[in-house]
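# Examination of the molecular architecture
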Amino acid sequence: QVQLVESGGGLVQAGGSLRLSCAASGRVFNIGSMGWYRQASGKQRELVATVSRGDSRNYADSLKGRFTISRDNAKNTVYLQMNSVNPEDTAIYYCYSSDRWGGGDYWGQGTQVTVSS
């Protein structure tokens, strides 16, 4: 099993920046890709960004240029730098990792990000 713990969420003003972190523990050698999804109130969970073990990055088209994902394999941690945020970015942000041996996906508990106008 892999445990994922997010941190860094909170309240930020529109136009500001926020950095989320997600630390993995447990069977970290199982981890394949890592990333972030988000779920706004009343909406489905959606992809934000993912990064592979080899640092290949994938973003939701609508977030390219504002959000940057990065990964520190030595620390088993993935980050999400959020810039120029707007109220539409308000959501619970979930950390995600895949199991590179096909054992399923892992999810964190989520961290709330609220952007005030």
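One can find the structure itself at the top, above this paragraph.
The structure reproduced in this document is the subject of the present report. Small disclaimer: the values here were computed from a predicted structure and weren't measured.

### Let's talk about the overall build of the protein chain
Looking only at helices and strands, one finds zero helices and eleven strands in the protein chain. Secondary structure elements of the protein chain, listed N to C terminal, follow the sequence β-β-β-β-β-β-β-β-β-β-β. At 14 Å, the protein chain has a C-alpha radius of gyration in line with the 13 Å of a compact globule built from 117 residues. In terms of overall dimensions, the protein chain has C-alpha extents of about 45 × 25 × 20 Å along its principal axes. In the protein chain, which comprises 117 residues, the proportion classed as buried is 40%. Taking contacts inside the protein chain between residues at least 6 apart in sequence as the whole, the part at least 24 apart equals 53%.

### Considering the state of the cysteines
For the coordinates displayed, the defined rule picks out one disulfide. Each sulfur in the disulfide pair cysteine 22 and cysteine 95 lies 2.0 Å from the other. Linking cysteine 22 and cysteine 95, the disulfide has an S-S dihedral of approximately -85° and is accordingly described as left-handed. On the criterion of sequence distance, the pair formed by cysteine 22 in strand 3 (residues 18-26) and cysteine 95 in strand 9 (residues 91-99) is long-range, its members being 73 residues apart. Judged by its relative accessible area of 0%, cysteine 22 falls in the buried class.

### Quick notes on the nonpolar core
Note that soluble globular proteins tend to have their nonpolar side chains buried in a common cluster. Counting residues in hydrophobic clusters, the biggest one holds 28 residues, and the most contacted among them are Trp36, Leu80, Met82 and Tyr93. Among the elements that take part in this core, strand 3 stands out by supplying four residues, more than any other. With residues near it in sequence (within four places) discarded, methionine 82 still touches Gly16, Ser17, Leu18, Leu20, Arg66, Phe67, Tyr93 and Val113.

### Topic: the pattern of salt bridges
Here the structure, examined in full by the defined rule, presents five salt bridges. The partner of glutamate 46 in a salt bridge is arginine 38, and the shortest N-O contact between them spans 2.7 Å. Here arginine 38 falls in the buried class, since its relative accessible area comes to 8%. One network of salt bridges, with partners in common, ties together Arg38, Glu46, Arg66 and Asp89.

### Here we look at the pairing of strand 7 (residues 67-72)
Because side chains alternate across strand 7, one face comprises the buried residues Phe67, Ile69 and Arg71, and the other comprises Thr68, Ser70 and Asp72, none of which is buried. Counting the residues that bridge the hairpin from strand 7 to strand 8 (residues 77-82) gives four residues, and of these asparagine 76 lies at a positive phi of roughly 50°.

### Describing the side chain of arginine 71
Among the secondary structure elements, arginine 71 is positioned in strand 7. Comment: no salt bridge for buried arginine 71; closest opposite-charge side chain is aspartate 55, at 7.3 Å. A polar side-chain atom of arginine 71 sits 3.1 Å from the main-chain carbonyl oxygen of valine 51. At a separation of 2.6 Å, a polar atom in the side chain of arginine 71 contacts the side chain of asparagine 73. Discounting residues that sit within four places of it in the chain, arginine 71 has contacts with Ile31, Gly32, Ser33, Met34, Val51, Ser52, Arg53, Thr77 and Val78.

About the cut-offs
Residues numbered from 1 in each chain as written. Predicted model: local features only at pLDDT ≥ 70, side-chain atom pairs only at ≥ 80, totals over all residues. Heavy atoms only, no water. Helix = DSSP H or I, 4+ residues; strand = E, 2+ residues; numbered from the N terminus. Rg over C-alpha atoms; globule rule 2.2 N^0.38 Å. Buried < 20%, exposed > 50% of the residue type's maximum accessible area, 1.4 Å probe, protein only. Contact = heavy atoms within 4.5 Å. Disulfide = S-S within 2.5 Å. Core = buried A, V, L, I, M, F, W, Y, C linked by side-chain atoms within 4.5 Å. Salt bridge = Lys/Arg side-chain N within 4 Å of Asp/Glu carboxyl O. Pairing = 2+ DSSP bridges. Lys, Arg positive; Asp, Glu negative; His and termini not counted. Polar contact = N/O pair within 3.5 Å; in protein donor to acceptor, adjacent residues only side chain to side chain.

This is a description of form; function is not addressed.
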